[in-house]
Amino acid sequence: AAAVPAAVYMLQDQEAHAAEMERTFIAIKPDGVQRGLISEIVSRFERKGYKLVAIKLIVPSKEFAEKHYHDLKERPFFNGLCDFLSSGPVLAMVWEGEGVIKYGRKLIGATDPQKSEPGTIRGDLAVVVGRNIIHGSDGPETAKDEIALWFEPKELVSYTSNAEKWIYG
Ligand code: ADP
């Protein structure tokens with residue numbers, strides 16, 4: 001077979017990776033911020049190889065928290081949850097990478113920290129479900145909606161990371 005220059009393979013690989021890139025919404029809740037866990041949590045996503053494309057610290061209003069958690073409005077803990085989310089600064093972020101929506105949830109661990117495996121963020125750093133320190137979108141549709149709720153399009157920064165070719169090959 002005719003030799004195909006390595007650069008062509010590399011381009012095809014990069015195109016394949018670009019097609020599989022996805023973004024997820026991750027937020028460190030007021031308990032995580034107050035407990036000084038920002039750098040610990042950010043570093044877990046960063047070291048994994050995901051790319052940070054948006055970040056801001058904001059105190060959401062109660063109304064905003066209710067929008068964010070609208071799917072849970074029939075649950076008995078809904079009001080307390082929205083009070084809590086709006087009780088202090090939240091670090092809102094968008095992370096990008098192959099499979100980041102699903103694997104981001106693995107890094108986070110189960111909703112109830114008592115059921116989260118050691119090694120996960122909630123397993124290592126939280127004890128009760130009402131103070132589980134972090135939020136992550138649970139699927140592609142939610143990710144899209146949550147990113148749109150928390151960020152203006154211009155706040156999402158598209159850039160090439162020099163590490164990408166070492167992370168994806
Ligand atoms: P997750 O955050 O893992 O996606 P859910 O969407 O089911 O989980 O719930 C959203 C948030 O509501 C949880 O992260 C937790 O802070 C809170 N929550 C869930 N279940 C309870 C509960 N039984 N009591 C108090 N708070 C809860």
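Residues numbered from 1 in each chain as written. Predicted model: local features only at pLDDT ≥ 70, side-chain atom pairs only at ≥ 80, totals over all residues. Heavy atoms only, no water.

This part takes up the environment of S61. With respect to the helices and strands, the residue S61 is situated in the loop between β2 (51–58) and α4 (62–68). Distance from S61 to G88, taken between C-alpha atoms, is 9.5 Å for residues 27 residues apart in sequence. (Helix = DSSP H or I, 4+ residues; strand = E, 2+ residues; numbered from the N terminus.)

By the definition in use, this model includes five aromatic pairs. Judged by centre distance (6.4 Å) and plane angle (45°), the ring pair of F45 and Y50 falls under tilted. A single burial state applies to F45 and to Y50, both of which are buried. Following the ring pairs from residue to residue traces out a cluster consisting of F25, F64, W150 and F151. The ring of Y103 has K48 lying over it, and the distance from NZ or CZ to the ring centre is 3.9 Å. Across from the ring centre of F84, 4.0 Å away, lies the NZ or CZ of R131, which sits over that ring. (Phe/Tyr/Trp six-rings, centres within 6.5 Å; stacked < 30°, edge-to-face > 60°. Buried < 20%, exposed > 50% of the residue type's maximum accessible area, 1.4 Å probe, protein only. Lys NZ or Arg CZ within 6 Å of the ring centre and 35° of its normal.)

Within the structure, the ligand sits among K29, Y69, L72, F77, L81, R105, T111, R122, V129 and N132. Between an oxygen atom of the ligand and a side-chain N or O atom of T111, the distance comes to 2.5 Å. At 2.8 Å, a side-chain N or O of N132 approaches an oxygen atom of the ligand. Taken by itself the ligand offers 530 Å² of open surface, and the protein chains cover 74% of this. The pocket occupied by the ligand, as judged from atoms lying within 2 Å of grid points, is the largest pocket. Here the shell around the ligand is composed, by residue class, of five nonpolar, two polar and three charged. (Near = heavy atom within 4 Å. Polar contact = N/O pair within 3.5 Å; in protein donor to acceptor, adjacent residues only side chain to side chain. Areas by Shrake-Rupley, 256 points an atom, 1.4 Å probe, with all protein chains shown as cover. 1 Å grid on protein atoms, 1.4 Å probe; cavity = no way out; pocket = protein on both sides within 12 Å on 5 of 7 lines; lining within 4 Å. Sits in = over half its atoms within 2 Å of the grid points. Nonpolar A, V, L, I, M, F, W, Y, C, P; charged D, E, K, R; others polar.)

Once that is clear, we can look at the pattern of salt bridges. If you walk through the whole model with that rule in mind, you get seven salt bridges. Between E96 and R23 there is a salt bridge; the shortest N-O distance is 2.7 Å. Of this pair, E96 sits in strand β3 (residues 90–98) while R23 sits in strand β1 (residues 21–28), and the two are 73 residues apart along the sequence. Classification of E96 as buried rests on a relative accessible area of 14%. Assessed through its relative accessible area of 24%, R23 is described here as partly exposed. Here R44 and E40 are joined by a salt bridge, their closest N and O atoms 2.8 Å apart. In this pair, R44 and E40 are both assigned in helix α3 (residues 38–48), four residues apart and thus about one turn of the helix distant. Judged by its relative accessible area of 17%, R44 falls in the buried class. (Salt bridge = Lys/Arg side-chain N within 4 Å of Asp/Glu carboxyl O.)

All right, on to the UniProt feature "active site" (unreviewed entry) in the protein then. Per the UniProt record, "active site" (unreviewed entry) is annotated on H135. Tracing the sequence through the fold places H135 in strand β4 (residues 134–136). Residue H135 is classed as buried on the basis of its relative accessible area, which comes to 11%. Dropping the residues within four chain positions of it, H135 is found in contact with F25, I26, A27, K29, H68, Y69, I108, R122 and E146. (UniProt positions renumbered as here; feature names shortened; annotations may be inferred. Contact = heavy atoms within 4.5 Å.)

Considered as a void within the structure, the largest pocket measures approximately 710 Å³ in volume. Lining of the largest pocket is provided by 28 residues; of these, Y69, L72, F77, L81 and H135 occupy positions nearest its centre. Top element by residues in the lining of the largest pocket is helix α8 (residues 140–150). It accounts for four residues. The class makeup of the residues in the lining of the largest pocket is seven nonpolar, ten polar and eleven charged. (Points joined across faces, edges and corners; volume = space filled by probe spheres on them.)

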